[in-house]
Every structure is written in structure tokens, then in C-alpha cells.
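# Residue-level structure breakdown
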Amino acid sequence: MEELLKESEVAKLWQSIARTGDYHKKMEEVSPREMEIQAVVGASGVSAGRGGKEALWRASAELTAWKEAGGEIHRENSSLSALADDRLLQHLHDTVKCDSLIRCRVRPSKDGRYLFMTGPAQEGDDPELKMILEEQLRDVVMEVEGLGRFVLERSVEWFETKLDWLGTEIRLTFDQDEEEEMESAIETARILMGDQQGWDRRIREYAADQLLDLANEWAENAADGEDEALSADGGQLVSREQFMERMELESVQAGEDGDFEFWFYDGDMFYGHSIHVTGNVEDGPDWAGMEG
């Protein structure tokens, strides 16, 4: 993380962005009315992306709530948007932090979907928004009979707990959703947890059937030196049983209508990638891949 820039340096960065063609094009999408707001930033903070030929980053941050001075609080879904070069993007990461209260100048988009930043963010102090931020920072907990205490991980919008799976501590998760959908996911979790030995064997066998040839292909390439990134560690062929034994379960995601996802550490068979298996409690596993 860079040291925070001086105020004069920050002003120059914003002035530089304001002179670009992309910025002027963006001005056509937003209202001419500029306003100062205070806002509560969501759990994910700033994210950014850009196309292959784009010079500037398109940065954004989800807002939990915002208001103009003396105005009403807006809590509908909204986001903060900005254009930035590399240095300004780093400054945005440093000042528009997740779970924070900020003050900045913006122009609302004409379609009402976002607020476009026209200047730097500073720390906010609105008492009403501070209360919303305090509420946001409190743990959201769900006690599930037979499964334990789940805590909402707000940055990924799922509930998570840690529990024992055949002697190994794993993470069990399900998405934050409407009550009916969450109850369906919880039922999926109960089915999986109720027969850990059976599901563990079934998932590992499926993964081995789908990925054993690929794992041994990687091992052969490493042994032959065809892949310099792998050859330093050599490479040993594995049997089906060895493949299954080397998989280390890390997490299970339970979904509605019986859907599930199992995530394993690969035991270095794919040199640090994850093994991902999906399926349904009615039909069993239906896909396996190497990811990450």
C-alpha cells in the first residue's frame, strides 16, 4: 500500500482525469448537478476493471446508504463510480475502504443507477450514517439446529460455519437469500452432513474418475521437463486410490434444491490448484474440475 498522497497531489490526479476524453464522455451520462454526499461503503470496498484498449480503470464501490447534507437517507441499492489511472485507483483503495463512512462530491447518473465521483473522498462524520455503519458491522448470526452457529460473511454474501468432517475441520457455507431458499440449502447441508462417509467416498471416486488422467499427464510433463514451472518438483504418477487419498477437503457449499459444491486442496497433484466437484443430493456428483 502506498503512503497516502498529499492533498495537492490528489487534486492534480483528479484534474488529470477530468481532462481525458473518457471523463468527458462520462459527463454525458450523468446529471449536471453536482452535490456533496456522505455515504456508508459496503463490505467489499472498491473494485475495478478495464477493457484491453481502455486507458482508465472503471472503479466502483457498493453503498449501504448515502445522503446529502440535511437531506434524507437513501438505502436503496446504489453504487459509487469513478474513472482512475493506476495512482488514483490506489488512492481510492486507500480512502474508500470497506465498511467506512466517507464524504465526497458526486453527480448522479441520469438513469439513477450510480453516483459518479468528481473529487476525492474524505472521512465522513454524519451521526445517522454512523449508526447505520455500526449496525452494518455487527455480526449477523444464524443458529441452525444440528449444524451449529453460522456467521454472515458480508463480502461474499454467504453464511459460514466450521465443523468436523471425518476428523478434519472444514467450512460449510450457504448463500444469503430469501428464507425459503436458505431453508432448502440448509436441508441440503443436513443430508450431506448426515452421511459424511458415504458422500466423501462418492465425491472422491467421481473426482478421481474425471481427473486422474489429467493429474498423471501433469506428472509426466513435470518428469520430462516439458513444463519448467512443474519440473523443479519432478512428478510422480498416482493410482486412483492415491488420487483420492491426496485430496484434502476444505469446504462444502450447500445450495437450494439439493445442489452442492465440494472444494478440495489438490495434494500438489495440480501443483496447488483446487479440485472442485459439483452435483445434487438426488443424482450425485455431475462435474469435476481443477481450478485456481
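Please refer to the structure placed before this passage.
To keep things clear, this report deals only with the structure shown in the data block. The model shown is predicted, which means the values in this text are computed figures rather than measured ones.

F243, F262, I275 and V277 are the most contacted members of the largest nonpolar core, which has 41 residues in total. A total of nine residues in this core trace back to one element, the largest contributor, which is helix α6 (residues 196-224). Among the nonpolar cores identified, the runner-up in size contains 34 residues, and I17, L63, Y114 and L115 belong to it.

Okay, the pattern of salt bridges next. In total, this model carries 18 salt bridges according to the counting rule given. Salt-bridge contacts for R50 lead to D86; the nearest nitrogen and oxygen are separated by 4.0 Å. One end of the pair, R50, is in the loop between β1 (35-49) and β2 (57-68); the other, D86, is in helix α3 (residues 86-95), and 36 residues separate them in sequence. Using a relative accessible area of 39% as the deciding quantity, one classes R50 as partly exposed. Ionic pairing is found between E160 and R171, a salt bridge with its closest N-O pair at 3.8 Å. Residue E160 is located in strand β9 (residues 158-165), and its partner R171 is located in strand β10 (residues 168-175); the two are separated by eleven residues in the primary sequence. A relative accessible area of 16% places E160 in the buried class. Overall, the relative accessible area of 29% leaves R171 in the partly exposed class. Connected through salt bridges with shared partners, the residues E34, R105 and R107 form a single ionic network.

Before going further, it helps to examine the packing of helix α1 (residues 7-18) against α3. Two elements in contact, α1 and α3, have axes separated by 10 Å at closest approach and are oriented at 125°. On the basis of their axis angle, the class for α1 and α3 is oblique. The two elements α1 and α3 cross, and the hand of that crossing is left-handed. Side by side, α1 and α3 meet where V10, L13, W14 and I17 of the first sit next to R87, L88, H91 and L92 of the second. Split by residue class, the contact of α1 with α3 holds six nonpolar, one polar and one charged.

The next subject is the side chain of D266. Topologically, D266 is positioned in the loop between β12 (259-265) and β13 (274-280). No salt bridge is formed by the buried D266; the nearest opposite charge belongs to R246, separated by 7.4 Å. Within the local environment of D266, its side chain forms a polar contact with the backbone nitrogen of H273, the two atoms lying 3.3 Å apart. Excluding anything up to four places from it in sequence, D266 contacts R246, Y271, G272, H273 and I275.

Going through the model one piece at a time under the given rule, you end up with one cavity of 30 Å³ or more. Lining of the largest cavity is provided by V46, A59, S60, A61, L80, S81, A82, L92, V96 and M117. Put simply, the parts of the chain that give the lining of the largest cavity at least two residues each are β2 and β3 (78-84). Per-class residue counts for the lining of the largest cavity are eight nonpolar, two polar and no charged.

About the cut-offs
- Residues numbered from 1 in each chain as written.
- Predicted model: local features only at pLDDT ≥ 70, side-chain atom pairs only at ≥ 80, totals over all residues.
- Heavy atoms only, no water.
- Core = buried A, V, L, I, M, F, W, Y, C linked by side-chain atoms within 4.5 Å.
- Buried < 20%, exposed > 50% of the residue type's maximum accessible area, 1.4 Å probe, protein only.
- Helix = DSSP H or I, 4+ residues; strand = E, 2+ residues; numbered from the N terminus.
- Salt bridge = Lys/Arg side-chain N within 4 Å of Asp/Glu carboxyl O.
- Axes fitted to C-alpha atoms, helices over the stretch in contact; angles between N-to-C directions.
- Parallel < 35°, antiparallel > 145°, perpendicular 65-115°, else oblique.
- Left-handed = near helix turned anticlockwise from the far one by under 90°.
- Contact = heavy atoms within 4.5 Å.
- Nonpolar A, V, L, I, M, F, W, Y, C, P; charged D, E, K, R; others polar.
- Lys, Arg positive; Asp, Glu negative; His and termini not counted.
- Polar contact = N/O pair within 3.5 Å; in protein donor to acceptor, adjacent residues only side chain to side chain.
- 1 Å grid on protein atoms, 1.4 Å probe; cavity = no way out; pocket = protein on both sides within 12 Å on 5 of 7 lines; lining within 4 Å.
- Points joined across faces, edges and corners; volume = space filled by probe spheres on them.

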